[in-house]
Amino acid sequence: MENENKLKGIEPLALFERVWNGKKTLLFVLCIGLVVGLIISWSIPTAYSTVVKIVPDKSTVENSNFITDIVKSRPFLLRFWNFEVNKLNNDSKILLRDYILKEQKFPWWKEIMDIPSKIQKWRHGEPIYIDTVNLFRLTSEQMTFVGRMSKNIKIQMDKRNGVMNLIVVMQDPMISAVVANEIFKDMQESVREKKTYKANIDAQFCEKLLLETRSNYEAKQRELEEYISSQGKRNSAISSLEQVFLKQEFESMYKPYVSMMEEVDKAKMKVQEESPTFAVIESASIPSYPSEPRTLLIVLGSIFFFVFCGVIGLLIQGMFK
């Protein structure tokens, strides 16, 4: 009998009745979720997103993770360690590292979590920023800078239409646009350098061989000219044979010289073929509206979470009555 009552307690109608009877409690929980969602939303600093829309070539689309790895790498991000920017409605220049490390705002719960590190800074004094970057031994401030910059940069690739979005999020719209534009320019150079590395090495090697071949060819040409001018009008059999021999050596060096010039041209064409191309659909511009926080989504998510927990609580409570 007791088991039958328990089974009846989990029937859909019985469950709905328990939830309906607790509607006042759920309304109260909903209000709590609304307030919590608003508090979370108001605590998140305003941020602006700059989007650069790009159409890369087919090989770049197929290796989009390669671009993400480059853009989020330490050597790439630390190029901006001494990069100067200016805020919107402020003409004075500041270093990007000072903006990222000193002026960036965080939610109040992040401030609480950072209390231990603040105590440590208070004990050891404020850090002294150095202009030079040693990739083998980065300072803690440089590591923090890299981490925050990496979080603020996103690469999204839509392989269906081949469009890549470079997104830079900053709390100042002007800095967001300037950094996005600079990252795009540096990204093109870095990707081109990495993808054509082997082809460039081959081209440099061919150019080196061409210089040696040209040097030998020109040296033999000078030797032949000097010999002819030194003989003058003498027309002995020995001098004629020596002149023919020098001409044959000179002519035998011409073919490798021309062949090497062709190899250099082919190597340069190979570099050009492997160089990635980026067609810009939408360049960087100062965003007019903030992209964060997404107040509506945060509030709705908070309400859903609290109401869901409230419903589960009512159901569990009813099972033990």
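Everything here concerns the structure above.
This text gives an overview of the structure that appears in the document. (Residues numbered from 1 in each chain as written. Predicted model: local features only at pLDDT ≥ 70, side-chain atom pairs only at ≥ 80, totals over all residues. Heavy atoms only, no water.)

1. Thoughts on the overall build of the protein
Each helix and strand counted, the protein has 14 helices and six strands in total. For the protein, restricting intrachain contacts to residue pairs at least 6 apart in sequence, the fraction spanning at least 24 positions comes to 80%. Surface summary for the protein: the accessible area is close to 21,500 Å², and the carbon and sulfur share equals 59%. (Helix = DSSP H or I, 4+ residues; strand = E, 2+ residues; numbered from the N terminus. Contact = heavy atoms within 4.5 Å. Areas by Shrake-Rupley, 256 points an atom, 1.4 Å probe, with all protein chains shown as cover.)

2. A short note on a nonpolar patch on the surface
A cluster of nonpolar side chains, contributed by V35, I39, W108, I112 and I115, occupies part of the molecular surface with about 470 Å² of accessible area. Going through the elements one at a time, α3 (23-43) and α8 (108-113) are the ones with two or more residues in the nonpolar patch. Classification of I39 by relative accessible area gives partly exposed; the value is 41%. (Patch = residues over 30% accessible without salt bridge, like charges linked within 9 Å, V, L, I, M, F, W, Y side chains within 5 Å. Salt bridge = Lys/Arg side-chain N within 4 Å of Asp/Glu carboxyl O. Buried < 20%, exposed > 50% of the residue type's maximum accessible area, 1.4 Å probe, protein only.)

3. As for the side chain of T50
Examined against the element boundaries, T50 turns out to sit in strand β1 (residues 48-56). One polar contact links T50 to S176, side chain to side chain, over a distance of 2.6 Å. A distance of 3.3 Å separates a polar atom in the side chain of T50 from the backbone nitrogen of A177. Leaving out residues up to four positions away in the same chain, T50 has contacts with L166, I167, V168, P173, S176, A177, A180, A284, S285 and P287. (Polar contact = N/O pair within 3.5 Å; in protein donor to acceptor, adjacent residues only side chain to side chain.)

4. Observations concerning the pattern of salt bridges
Pairs can form between side chains of opposite charge whenever their charged atoms are close. This structure, assessed with the given rule, holds five salt bridges. A salt bridge links E103 to K87; the shortest N-O distance between them is 2.3 Å. Within this pair, whereas E103 is found in helix α7 (residues 96-103), its partner K87 is found in the loop between β2 (84-85) and β3 (94-95), the two being separated by 16 residues in sequence. Relative accessible area serves as the criterion here: at 32%, E103 is assigned to the partly exposed category. Since its relative accessible area comes to 25%, K87 is described here as partly exposed. Between D202 and K198 there is a salt bridge; the shortest N-O distance is 2.9 Å. Residue D202 and its partner K198 are both found in helix α12 (residues 197-231); the two are separated by four residues, about one turn of the helix.

5. As for the packing of aromatic side chains
By the definition in use, this model includes five aromatic pairs. Aromatic side chains F305 and F306 sit 5.8 Å apart centroid to centroid with 90° between the ring planes, which places their arrangement in the edge-to-face category. By the ring-pair criterion, three or more aromatic residues cluster together here, those being F76, F80 and F83. (Phe/Tyr/Trp six-rings, centres within 6.5 Å; stacked < 30°, edge-to-face > 60°.)

6. Description of the environment of N181
Along the chain, N181 falls in helix α11 (residues 173-195). Here N181 falls in the partly exposed class, since its relative accessible area comes to 34%. For the pair N181 and A284, spaced 103 residues apart in sequence, the C-alpha to C-alpha distance is 5.6 Å.

7. Focus: the environment of T25
Locating T25 in the fold gives a position in helix α3. Separated by 286 residues in the primary sequence, T25 and V311 have C-alpha atoms spaced 9.3 Å apart.

8. Some thoughts on the sheet that holds strand β4 (residues 153-158)
In spatial order, the strands read β4-β5-β1-β6; together these four strands make up an open sheet with antiparallel pairing. Edge strands, defined here as strands with exactly one partner in the open sheet, are β4 and β6 (278-282). Strand-to-strand, the axes of this sheet are offset by a mean angle of 30°, without reference to chain direction. Examined bridge by bridge, β1 and β6 share four bridges and lie antiparallel to one another. Within β6, the residue paired with V55 across the bridge is A279. (Pairing = 2+ DSSP bridges. Axes fitted to C-alpha atoms, helices over the stretch in contact; angles between N-to-C directions.)

9. So, unusual backbone geometry
Geometrically, the link from E292 to P293 is a cis peptide bond, its omega value of 0° lying close to zero. Checked against the element boundaries, P293 lands in the loop between β6 and α14 (295-319). In this model, N89 sits at a positive phi of 60°, which is unusual for a non-glycine residue. Positionally, N89 belongs in the loop between β2 and β3.

10. Here we look at helix α10 (residues 140-151)
For α10, spanning twelve residues, the distance from its first C-alpha to its last is 17 Å, which sits close to the expected 16 Å at 1.5 Å a residue. Taken together, the buried positions of α10 are E141, Q142, F145, V146, M149 and S150. In the core, the buried residues of α10 are packed alongside α6 (74-77), α7, β4, β5 (163-170) and α11. (Expected span 1.5 Å × (residues − 1).)

11. What about the side chain of D172?
Examined against the element boundaries, D172 turns out to sit in the loop between β5 and α11. K87 provides the closest opposite charge to the buried, unpaired D172, separated from it by 6.2 Å. At 3.0 Å, the side chain of D172 and the backbone nitrogen of M174 are in polar contact. Look past the residues within four positions of D172 in its chain and what remains in contact with it is Y48, N86, K87, L88 and Y99. (Lys, Arg positive; Asp, Glu negative; His and termini not counted.)

12. Description of the packing of α7 against α10
Following both chains from N to C, one finds α7 and α10 inclined at 90°, their axes separated by 10 Å at the closest point. When the axes of α7 and α10 are compared, the pair comes out roughly perpendicular. Residue-level inspection shows L96, R97, I100 and L101 of α7 in contact with α10, the latter providing E141, T144, F145, R148 and M149. The residue inventory of the contact of α7 with α10, partitioned by class, reads five nonpolar, one polar and three charged. (Parallel < 35°, antiparallel > 145°, perpendicular 65-115°, else oblique. Nonpolar A, V, L, I, M, F, W, Y, C, P; charged D, E, K, R; others polar.)

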